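The chain contents come next:
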Amino acid sequence: MRRPSMAIRVNPKLIDELELYGAEDVQNCYHCGNCSAVCPFSKEPYIFPRRPMRYLQMGLEDKLKGSLEPWLCYYCGQCSEECPRGAEPGETMMSLRRWLTSKYDFSGISRLFYKSGKIELLAVIGGALLTALAFVLWAVLRGGNIHSYSGENAFLPAASIHIFDWALAGVLLALLLTNCVRMWWFTMGRDKRLKVPFWLYLKGLYLLPLHFLTQKRYAKCEHKRPWAIHLALMLSYLIMLVLIMFFLGVMWSGPEIDWRVHVFGYLATVGLLGTTIFALRGRLKKSEPHYAHSHETDWIFLVLLIFVAFTGILQHILHRVGFDAAANVTYIVHLMGVVPMLGLEVPFSKWSHLAYRPLAMYFSAVRAEAMEREEKKALEPAMAAQSAA
Amino acid sequence: MRTGVFIVQASEEGQEGINLHAVELYAANLPLVEKVRNLGMRPRLDPVTLAEEIKADRLERVVIAGDSPGFFKPVFTRAMALAGGDTDEVRLASFREHGATGMGTPRAESIVACAVYGVPFPLAARPGTTATVPGTLIIGGGVAGIQAALEIADAGKPVYLVERQPTIGGHMAMFDKTFPTLDCAACILTPKMVAVGQHEMIDLMTYSEVEDISGSPGHYRVRVRKRARHVDIEACVACNTCTEVCPRSTSSEFDSGIANRKAIYIPFPQAVPNAYVLDEASCLYFESGGEKCGVCAKKCPKECIDLSEKDQTVEFEVGNIVIATGYDVYDATKIERYGYGKLPNVITALEFERMTNASGPTGGKIVTKVLRHNKRKKIDEWVLDPEGPPPGRVAIIHCVGSRDAQHNPYCSRVCCMYSLKFAHLVREKLPDATCYEFYIDMRAFGKGYEEFAERIAAEGTFVVRGRTARIVEENGQMVLKGEDIINDRMVDTPVDLVILAVGLVPARGSDKLAAMLGIARDEDGWFSELDYNSDPTDTERGGVFVAGACQAPKDIPDTVAQASAVAAGVLKSVNTGRGLDSRADLSLSEIEARARSLARV
């Protein structure tokens, strides 16, 4: 069976473009295949990092846009360590993830952020100021008392914040889902040669929560520490999210501490602070391969995270020890970090990978099975002929 | 002529010892120079922007300073064409090509000056001549040294040939076949070795090392240390009695360690001089301070073993010196992922050469090692038994230690071809064996080489593109892990024998020799020639020549050709009585003044 030939348009500037996302040494690659061979995840039909490196060198933008491979890499850095040409395949995969994030995003904001750290920083600062302005205005207009933290005439009443949280979550979810649909279209839907029956999608659906919660694929890397750190960070964040979305009222009340809820909060805070400090130290010292190269967006993400975790626990402590006014001010500062962090990072920047990674695991499994089915089907007539003979 | 100087750096090593800021200032002060710009390390250059710059400054000549040949010139040529200028006026001031690496800032400046004046550097920096005495010292008795010695001696001029090993022959004497003709290496080399041994114009000093060289071009004073051989070369008839009675054995250098030799031995039966040698390091007599053993001296029927012999030094004067020190192979234990030294059946190319050689320890049989119990040491060890099992699957891995930023960045030039030769030898001797070649790029560049590569593939060897990443042992079976790049799939290849095509590195002691002679070596340690294109055999030092692999990795045909070319250079100076002086002694102002007068500025 001959497939209709398809001319592929190349983008010779693609390598230069990727440089803005962090990939600097792609042209050094001479395709020895060492990286693919040492990678614990490089299995057919997803062979990487060499194949994406080739696509990059040749400027095959569409092929890259439809690749799931970058999301299957966890940057253990073994490929970069052993690369005979110093082509940094690990960092290339990281850059491709940034580039893909910007491609999935329909608004173009992501692209803007990745191309210029300054713009992202400005957006963060702008978002922070707006947030502060909005909350202070709202609190003052409704006659909130700065000396009161909880109760009826609190400066920022928990119930209202709760509504705001749900609204923000709804908007972010909508944005992220749109990007996820685009990801599906680029990697699965658009491919006319790929025929995926609906039940295959259903069958693999369990993979989504599984990979989201355990990140068990990451654990397959030779070094387990990065996985452990990442899992701790993710779980801490998840616990915090659940607490804020469902138990905000409990955390707010006082003065006695409801340990059934608060123990989780403290645990999550320790987790968040510990892991972000570890990551920041690592990036400063370049202690591990995946910390060796830091994009501006990596720094902004970590700094925001540690800022938010720190102000969060600080306002809690201030309230518990009775400095309600200080706690209210700190809370505003905390929100100045939280709102831009979530609003910018989740749909447009580094944090979006919380959706893309599990999706990629899911899609790649579905895709591989669909391809296998197709192959079998293509072989069937030949097999039948053989058995008939 | 309005000239712009653009300083670029192609590699970190290429600029070592050069003060680029000083070069920048120097260039800016030259007449003609309108602008100097340092573009930094490996810049991403855009011809359109460069063309605008050339146009804006109305540059008529562009000098690219520091570039290695072929790195940035195309971009500048394109920019010059876009700017409507004369593309012939894009000139390269290559630091590396003209020896600034190792010679420092003044040399770099003089290279830039020559390019600015539009004068070829070798022309402006042509050294003068000096009176030369007729003798020639050749350091190294491999095929390069042998060829040069014979050419010069056959012309009737005296030659001193100094070899570190007890015999001449070098690496070529170890080989079984040559590529691509599959001629017997020994059949080509041994007649030449015998000719050297018998030549009346050649003073052959084996088991000797050059200790010191002083003097100036045309009159070098050489001191050679002749290590005590303890065997009289003239009297020894190579009857083998001493070896038979010797109680001590150690691994054989000539068999690259896959077999043993005695403490008193002859490296191989065709050795020149054809005499035995006593290795003090492994000898019981010397180990015990002369108290034990000494049995060889007692049993020698010709009484030609003198255990009390001491090292001697000899001194003589020569006009020319030929460096032909060749190479060593890369130490495969440094590449842990291939398990050399741990996995018994991972061997290096030289070990395979000895194994497949009919005069080698296995008599030319290709076998895998077997586990045997050593009763004396009470351990199980892997031994090479000529009757051992032949391998069913053989893999040859290319580029071991070569073209790798973590090992040697350069291509060792000979490995692709000898690996293909190995595949042929394996398939010839073991027709049922499956043979794989794992390569990155197949470099079959010489006469008949590409045809040879095609022939080997047609013979049924699996030629797989993709560097093997690891060799692992799974249930006692060696498995090669790699990617098959052409077919775009991952491959796990189970094999019984792995041959590592190790690359070439400068011979041990090259650094000492370079310091002694005051000549430069390139960033990889190979001796630097005077000019890459026009003087590939001379060096910065007058009357000092380089032949063979000591200058850069080379195969046998190229080595022999270069050695003959060296002989021509030597004979020219010996016949006229005048040889070239050192270019290293020329000062910056001399070169600059000469360039200026040649350019008539």
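Fair warning: this is a prediction, and the values are worked out from it, not measured in the lab.

A. Structural detail: the overall build of chain B. Within chain B, the secondary structure is distributed over 17 helices and 30 strands. For chain B, whose C-alpha radius of gyration is 27 Å, the value lies close to the compact-globule estimate of 25 Å for 601 residues. Across its three principal axes, chain B shows a C-alpha extent of roughly 85 × 65 × 40 Å. Considering only residue pairs separated by 6 or more positions, chain B has 69% of its internal contacts joining residues 24 or more positions apart. Looking at charge distribution, chain B has the averaged site of its 68 positive side-chain charges lying 2 Å from that of its 81 negative ones.

B. View of the pairing of strand E1 (residues 3–9) of chain B. Residues and elements named next belong to chain B. Most of E1 sits out of view: 7 of its 7 residues are buried. Taking every second residue as pointing to the same face, both faces of E1 are buried, with Thr 3, Val 5, Ile 7 and Gln 9 on one and Gly 4, Phe 6 and Val 8 on the other. Taken together, the 5 bridges between E1 and strand E3 (residues 61–65) define a ladder with parallel strand orientation. Paired with Gly 4 across the two strands is Val 62, which belongs to E3. Here E1 pairs with strand E2 (residues 33–41) via 7 bridges, running parallel. Along E2, the bridge assignment pairs Gln 9 with Met 41.

C. Fine view of helix H17 (residues 588–599) of chain B. All names here are of chain B. The terminal C-alpha atoms of H17 lie 16 Å apart, and with 12 residues this matches the ideal 16 Å at 1.5 Å per residue to within 8%. Burial in H17 covers these residues: Ile 591, Glu 592 and Ala 595. Seen from one end, H17 has its buried residues packed into an arc of 95°, which puts them on one side. Positive backbone phi, at 55°, marks Arg 600, one or two positions downstream of H17.

D. Region of the structure containing helix H7 (residues 143–154) of chain B. All names here are of chain B. Helix length check: H7 (12 residues) gives 16 Å between terminal C-alpha atoms against 16 Å at 1.5 Å per residue, within 8%. In terms of residue burial, H7 counts as a mostly covered element, since 10 of its 12 residues are buried. Each element contacted by the buried residues of H7 is listed here: strand E6 (136–139), strand E7 (159–162), helix H8 (185–198), strand E8 (202–205) and helix H16 (556–576). Following H7 by one or two positions, Gly 156 has its phi on the positive side, about 90°.

E. Representation of the packing of helix H9 (residues 117–141) of chain A against helix H17 (residues 324–348) of chain A in the model. Residues and elements named next belong to chain A. Axis separation between H9 and H17 bottoms out at 8 Å; the angle between their running directions is 130°. When the interaxial angle is binned, H9 and H17 end up oblique. Every pair of crossing elements has a handedness; the one defined by H9 and H17 is right-handed. Each of Glu 120, Ala 123, Val 124, Gly 127, Ala 128, Leu 129, Thr 131, Ala 132, Phe 135 and Val 136 in H9 lies in contact with H17, whose residues at this interface are Ile 332, Leu 335, Met 336, Val 339, Pro 340, Leu 344 and Glu 345.

F. Main features of the packing of aromatic side chains. All names here are of chain A. A complete count under the given rule lists 27 aromatic pairs over all chains for this structure. Note on Phe 135 and Phe 164: the rings are 5.1 Å apart at their centroids and 85° apart in plane angle, and the pair reads as edge-to-face. With a gap of 29 residues between them, Phe 135 in helix H9 and Phe 164 in helix H10 (residues 158–189) connect regions that are remote in the sequence. Positioned over the ring face of Trp 138 is Arg 142, at 5.6 Å from the centre of the ring.

G. Representation of the sheet that holds strand E4 (residues 90–93) of chain B. Residue and element names in this part refer to chain B. Taken in spatial order, the 4 strands make up an open sheet running E2-E1-E3-E4, and their pairing is parallel. The strands lining the two open edges of the sheet, one partner per strand, are E2 and E4. Sheet twist, expressed as the average angle between the axes of neighbouring strands with direction ignored, equals 20°. Taken together, the 4 bridges between E3 and E4 define a ladder with parallel strand orientation. Within E4, the residue paired with Val 62 across the bridge is Val 90. Strands in contact with helix H1 (residues 20–28) are E1 and E2; relative to E2, the strand with the most contacts, it is inclined by about 165°.

H. Representation of the domain arrangement of chain A. Residues and elements named next belong to chain A. Domain annotation of chain A identifies domain 1 (14–104) and domain 2 (109–370). Inter-centroid distance (C-alpha atoms) of domain 1 to domain 2 is 27 Å. Contacts between the two partners involve 33 residues from domain 1 and, on the opposite side, 34 residues from domain 2. The three residues of domain 1 that bury the most area against domain 2 are Trp 71, Tyr 74 and Tyr 104, which together make up 25% of that side's buried surface. Linking domain 1 with domain 2 are 3 salt bridges, by the criterion used here. Joining domain 1 to domain 2, the criterion identifies 12 residue pairs in polar contact (both at pLDDT 80 or more). When residues of the side of domain 1 that touches domain 2 are traced back to their parent elements, those giving at least two are helix H4 (61–65), helix H5 (69–72), helix H6 (78–82) and helix H7 (89–104).

I. Summary view of the sheet that holds strand E29 (residues 544–546) of chain B. Residues and elements named next belong to chain B. The sheet built from 5 strands is open, its strands ordered E8-E7-E6-E16-E29 with parallel pairing. Lying at the two open borders of the sheet, with one neighbouring strand each, are E8 and E29. Averaged over all adjacent pairs, the angle separating strand axes in this sheet is 20°, with direction ignored. Both E7 and E8 contribute to a ladder of 4 bridges, which runs parallel. In the strand pairing of E8, Val 162 is matched with Met 205.

Quick notes on the rules
Here the residue numbers are simple positions, counted from 1 along each chain's written sequence. Following the order in which they are written, the chains are lettered starting with A and the ligands numbered starting with 1. In keeping with the predicted nature of the model, local features appear solely for residues at pLDDT of at least 70, side-chain atom pairs appear and are counted solely at 80 or more, and the whole-chain, interface and lining totals rest on all residues. Water and hydrogen atoms were dropped before computing side-chain values, which therefore reflect all heavy atoms in the structure. By the criteria applied, helices consist of DSSP H or I runs no shorter than four residues and strands consist of E runs no shorter than two, each listed in order from the N terminus. Atoms counted for the radius of gyration: C-alpha only. Globule rule: 2.2 Å times the number of residues to the power 0.38. In what follows, a contact means two residues having at least one pair of non-hydrogen atoms within 4.5 Å. Charge counting treats Lys and Arg as positive and Asp and Glu as negative, with His and both chain ends excluded. Each charge is placed at NZ for Lys, CZ for Arg, CG for Asp and CD for Glu. Note on classification: 1.4 Å probe, protein chains only; a residue is buried when its accessible area is under 20% of the maximum for its type, exposed when over 50%, partly exposed between these limits. For two strands to be treated as a pair, DSSP must find at least two bridges joining them. Multiply 1.5 Å by the residue count of a helix minus one, and that product is the helix's expected span. This arc is built from the directions going out from the helix axis to the C-beta atoms. Only the stretch in contact is used when a helix axis is fitted, and all axes are lines through C-alpha atoms; the angle between N-to-C directions ranges over 0 to 180 degrees. The labels follow the angle: roughly parallel below 35 degrees, roughly antiparallel above 145, roughly perpendicular from 65 to 115, and oblique for the rest. By definition, any crossing whose near helix is turned counterclockwise from its far helix by less than a right angle is left-handed, and any crossing with a clockwise turn is right-handed. Classification of ring pairs uses Phe, Tyr and Trp, with its six-membered ring standing for Trp, and accepts pairs whose centres are within 6.5 Å; under 30 degrees between planes counts as stacked, over 60 as edge-to-face, and the remaining range as tilted. Over a ring means this: the NZ of a Lys or the CZ of an Arg is within 6 Å of the ring centre and within 35 degrees of the ring normal. Delimitation of the domains relies on an automatic or database domain assignment. Here the buried area means the combined drop in accessible surface, using a 1.4 Å probe, for two parts upon being joined, counting both sides. We define a salt bridge as a contact between a side-chain nitrogen of Lys or Arg and a carboxyl oxygen of Asp or Glu at a distance within 4 Å. Counted as a polar contact is a pair of N or O atoms within 3.5 Å, where, for protein atoms, one must be capable of donating a hydrogen and the other of accepting one, and residues adjacent in sequence contribute only when both atoms are in side chains.

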